[in-house]
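Each chain is listed here by its residues.
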Amino acid sequence: MLGLSRNDFLMLLLVLFLVAAAPILLNPFPEGSSLAQFNAGYPDLMQRFLIFGIFAVGFNILFGLTGYLSFGHAAFLGAGSYAGVWMLKLLTINVIPAILMSTIVAGVFSLLIGYISLRRSGIYFSILTLAFAQMSFALASSVLQPITGGETGLQTNLNDPRILDGANTSGNIPAPSLFGFEMRESIQVPMGDWLWTFNVGYYVCAFVLLIAFYIAIRIFRSPFGMMLKAVKSNNERLSYTGINPRPYTLAAFVISGMYAGLAGGLMVAMDPLAGSERMQWTASGEVVLMTILGGVGTVLGPVIGAGIIKYFENIFSKINDNMLQSWFAFMPDGLESFMVAVVHPFVGKGWHLSLGLMFMLAIIFLPGGLIGGIDSVYRRIFKKRAQ
Amino acid sequence: MAVALEVKGVNKRFGGLQALNDVNLLVDEGRIHAIIGPNGAGKSTLLNTFIGRLKPDSGSVMFDGKNLIGKLPHQINQIGVSRVFQTPEIFADLSVIENVMIPALAHRDGIFELNAWKPMRKETNIRQKAIDVLEDLGMEDKLEMTASSMSRGDKRRLEMAMGLVQEPKLLLLDEPTAGMSRADTNNTIEVLKHIGDSRGLTMIIIEHDMHVVFSLAQKISVLAQGTVIVEDAPENIKGNPKVQEAYLGGAH
Amino acid sequence: MELSAILLQVLNGLDKGSAYALIALGLTLIFGTLGVVNFAHGALFMIGAFCAVTTQRLLSISTITIDETKTDFLGKPLQIKTPIVESWFGESVGQALIDWSVPLAILLTIPVMLIIGFVMERGLIKHFYKRPHSDQILVTFGLAIVLQELIKAYFGANQIPAPAPSVFIGSFDFGALIGMDAGKLLYPYWRIVYFCFALLIIGLVFAFLQFTTFGMVVRAGMADRETVGLLGIDIDKRFTIMFGIAAAVAGLAGVMYTPINSPSYTFGTDFLVISFVVVVVGGMGSLGGAVLAGFVLGILESFASMRQVIEFIPGINQVVIYLVAIVILLVRPRGLLGRKGVMES
């Protein structure tokens, strides 16, 4: 089906279902209940799940398949964001040209950086990408201010030309839209105690994610994908086999750069603002975390990893001491305050600590990430049954 | 008889060691040519200069009218020279069948092909080719095994399958049967013989096992201290005093 | 350009260069001995810096007495804080101790960092020797996040000042020393101290490796770990100690840097990225290269920040180090003093 094997097609269907039903699935707790704060089914967060999912899926094409660890992919996301905002400013508030241009600009940018960085491998490659990304970040926040808006960032204005849109008579800055449907528009459906929000922007992201995910599956299962796995496994042998590994890795680098640009384009399509901090190396580190946590080299892993990290960032970070106290209220007083004190550093503003620990545990005990872990558990059970 | 490979005046020095000293070699087309010699004679070094792993200080290696010296490994392979490595250089994380399909794809698609859309499982021709070669080598029951989990002997056979599937014009074999059982060795000899006869493939084989050498070779060059001391038909090599001296002299 | 302006930039580059050199030295020790790429090294620098903050707080622990006869500006009875060290050693000695808390913090830093180093190596790094370099980078990257967040959880996110002893406040007039007009070439006293301190540490590390049996074995192990292992020498134990020393060097670099820049939990991150660049420029695995590249890049960065240079090439001050790294990696991948083929895959 669609050129996919049965299993891959089922996986695509699963992702389609999860993504389409996410506004319902991610709101399991009734409105107004004490657990409602753990609901993730609001548009802003769900959009981020998908956008970072795209970013991580693309990153995995490079890191997961070829083993080349880039610490500079945030630069492509940032470059894509800037390109996207400029399209919204100059051409039209319709998001399609912005998203396309983001992808193209990031592709060109990654071709340039990839061409140079891939002259080296291993740690040297990682440091080259890191150096390029830090340079881009430094320049974007200072000298390139006319293009990037410097430290305040780049955003749409009322008096932008928008040459395709005609005169703006409303007196408001127009919101990014798709043929008249504004990204921020939502339909709210109350259902008993629950409230479901179906947002235009979210479904635009969902559509793009599905396509990006589908393309990634095709790449993984293609001869090209197998050559990339061979690069990771034994780069030198590949060249004695009649293959020039460099164009393969460069192609993987550019494809993953375009995915990053696509994610950047979607970001500005949802919220037309681009800042230089998106290019910082810690942002590149974040996508590495997502990929590893979910399962490097697996098709689905990065999407899961992106979801988990973004959920942590937005939900875990909201837990405060009052909430902790109410959870541990059933305990005797001394124990209660002890538990609050123990848990406190890991939640709220300390969510990064939990993230770091989770990440370390994943690398130490689950080199295949969550998907790899689930897979091996599944296999163990399956094998036992076969015996 | 046509010449397949012509090696002229190849020199290679590592610091104070003259590893290859004015090596000259003529390999006839469609023949199996063995290079023997004591340890450290420079056999593997010589092969390394053929495949672009090492650049000699001087000399030329002509194949098919092209000088292989200065060409990159993947270019040399695409000209039609494949090498079976002594220590298995396989794609350890991939399955056996994938290990063989990769060189098969390289043979069909060249040094680079952005073949990112067609699913691997629709490459039925390539897959069949790989299976055929693996069957010849008696590995048809191990197709989906991960390469790294195989025995050493199986890795050697996999190496050979990776070379053979490319249908090279010249196959370089570096101790292809080392680490194999006697039965596997004999099977390998049969396979190589069969391929040599049926495809008219030129082969250069480095080997310590004289049983293998004399079963296969139609011509033998003896290398000692970086230089070819004798080049002759197998029947004339056995009693040659120079050869005996080289081996015994090397053993002192 | 005037001579004084050039000298000033060289001097300005020295203190950052010293920090780069010390961190890169530790990174190289770890890499050279253990073959491990330690992304948590910046965090070790940061922890060193917080040893200074901790020392300052420990020395300032006070007893509070209430003087009923006086009132503060809110009209409440006046609280008098007396640091315990003052009541122990008398007022003048106590105040001097508090004043000198940064240099005194060295005494705390060394054991703390050695312990952290040992625990880190035995508990975590040891299990990653055989894993790919990318796994080492990732797990130490994760550890760096954890260490940073622990510090943030305890000390908060803001910068905490840890001033130099008051004797060192003010600047030394180099210009006057070499016969220029007074005030043209001022250089803060503490930066001179930091530079000398860095030279001392570097000297000690080199002397240690050069002149002790321990160092000799470690150097041999750096060249060929397996052979040294075959000689029946317990090289692993020595490498553990080496890791502790590298951590201590990073910590010392951090503790003495606090008066130059007040530490926060992200203190190490900025230095980490640049220190890796320094290691690469100097040559992976080359101790001398790391030190040389540290100072060279520190000074280069300082020159690139000059007004004349920025007017000529805008933004160069932000990117000069990375540019140098990129050029070096492409033209001479082994770095300034590195051996060929180290870590090429």
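The structure we're discussing is the one just above.
Note that residues are indexed from 1 along each chain, following the sequence as it is written. Just so you know, chain letters begin at A and ligand numbers begin at 1, following the order they were written in. Thresholds applied to this predicted model are a pLDDT of at least 70 for local features of residues and 80 or more for the giving and counting of side-chain atom pairs; totals over whole chains, interfaces and linings are not thresholded and use all residues.

Trainee: Give a detailed account of the packing of helix α5 (residues 101-123) of chain C against helix α11 (residues 235-257) of chain C, specifying residues and quantitative values.
Mentor: Residue and element names in this part refer to chain C. Fitted lines through C-alpha atoms give the axes, limited to the stretch in contact for helices. The angle between two N-to-C directions lies from 0 to 180 degrees. Each helix is a run of H or I in the DSSP string that is no shorter than four residues. Each strand is a run of E no shorter than two, and both are numbered from the N terminus. Put simply, α5 and α11 touch, their axes get as near as 7 Å, and they point 145 degrees apart. Where α5 crosses over α11, the two elements pack in a sense that is right-handed. Note on residue categories: nonpolar means Ala, Val, Leu, Ile, Met, Phe, Trp, Tyr, Cys or Pro, charged means Asp, Glu, Lys or Arg, and polar means any other residue, Gly included. Split by residue class, the contact of α5 with α11 holds 17 nonpolar, 5 polar and 2 charged. In this scheme, a crossing is called left-handed if the near helix is turned counterclockwise away from the far one by less than a right angle; it is called right-handed if the turn is clockwise.

Trainee: Before we move on, can you summarise the pairing of strand β1 (residues 62-71) of chain C with the specific residues and values?
Mentor: Residues and elements named next belong to chain C. Of all the 10 residues making up β1, 0 are buried; the element is thus mostly uncovered. As judged from the 7 bridges shared by β1 and strand β2 (residues 77-83), these two strands associate in the antiparallel manner. Counted as the bridge partner of Thr65 is Ile80 from β2. Once β1 ends, the chain turns through 5 residues before running back antiparallel as β2, passing Gly75 with a positive phi of about 85 degrees. Field definition: a residue is buried when 20 or more other C-beta atoms are found within 10 Å of its C-beta, exposed when 12 or fewer are, and partly exposed for counts in between, with C-beta atoms placed from the backbone. Two strands are counted as paired when DSSP detects at least two bridges linking them.

Trainee: So what about the interface of chain B and chain A? Which residues, and what values?
Mentor: Taken together, the contact between chain B and chain A spans 31 residues of the former and 25 residues of the latter. Of all the secondary-structure elements, those providing two or more residues to the side of chain B that touches chain A are α2 (73-79) and α3 (96-109) of chain B. For the side of chain B that touches chain A, the element with the highest residue contribution is α3(B), accounting for 6 residues. Residues of the side of chain B that touches chain A, tallied by class, amount to 18 nonpolar, 6 polar and 7 charged. Residues are scored as being in contact if the C-beta atoms we place from backbone atoms lie within 7 Å.

Trainee: Describe the interface of chain C and chain A, with residues and values.
Mentor: Often, the extent of an interface is quoted as the loss of accessible area on bringing the components together. Contact with chain C, which involves 32 residues of that partner, is made by 36 residues of chain A. A per-element tally of the side of chain C that touches chain A places helix α6 (residues 133-155) of chain C first, with 14 residues.

Trainee: Requested: an account of the arrangement of the chains, with residues and values cited.
Mentor: Where 2 pairs of chains are in contact, the pair with the most contacts is made of chains A and C. No part of chain B reaches chain C; the closest C-alpha pair between them is 14 Å apart.

Trainee: Go over the packing of helix α2 (residues 41-59) of chain C against α5(C) with me, naming the residues and quoting the values.
Mentor: All names here are of chain C. Where α2 contacts α5, the axes come no closer than 8 Å and their chain directions differ by 130 degrees. Comparing their axes, α5 and α2 come out oblique. For the crossing formed where α2 meets α5, the hand is right-handed. Of α5, the residues touching α2 (which contributes Leu44, Ile47, Gly48, Cys51, Ala52, Thr54, Thr55, Gln56 and Leu59) are Ser101, Val102, Leu104, Ala105, Leu108, Thr109, Val112, Met113 and Ile116. When its residues are assigned to classes, the contact of α2 with α5 shows 12 nonpolar, 6 polar and no charged. Throughout this description, any angle smaller than 35 degrees is read as roughly parallel, any larger than 145 degrees as roughly antiparallel, any in the 65 to 115 degree range as roughly perpendicular, and the remainder as oblique.

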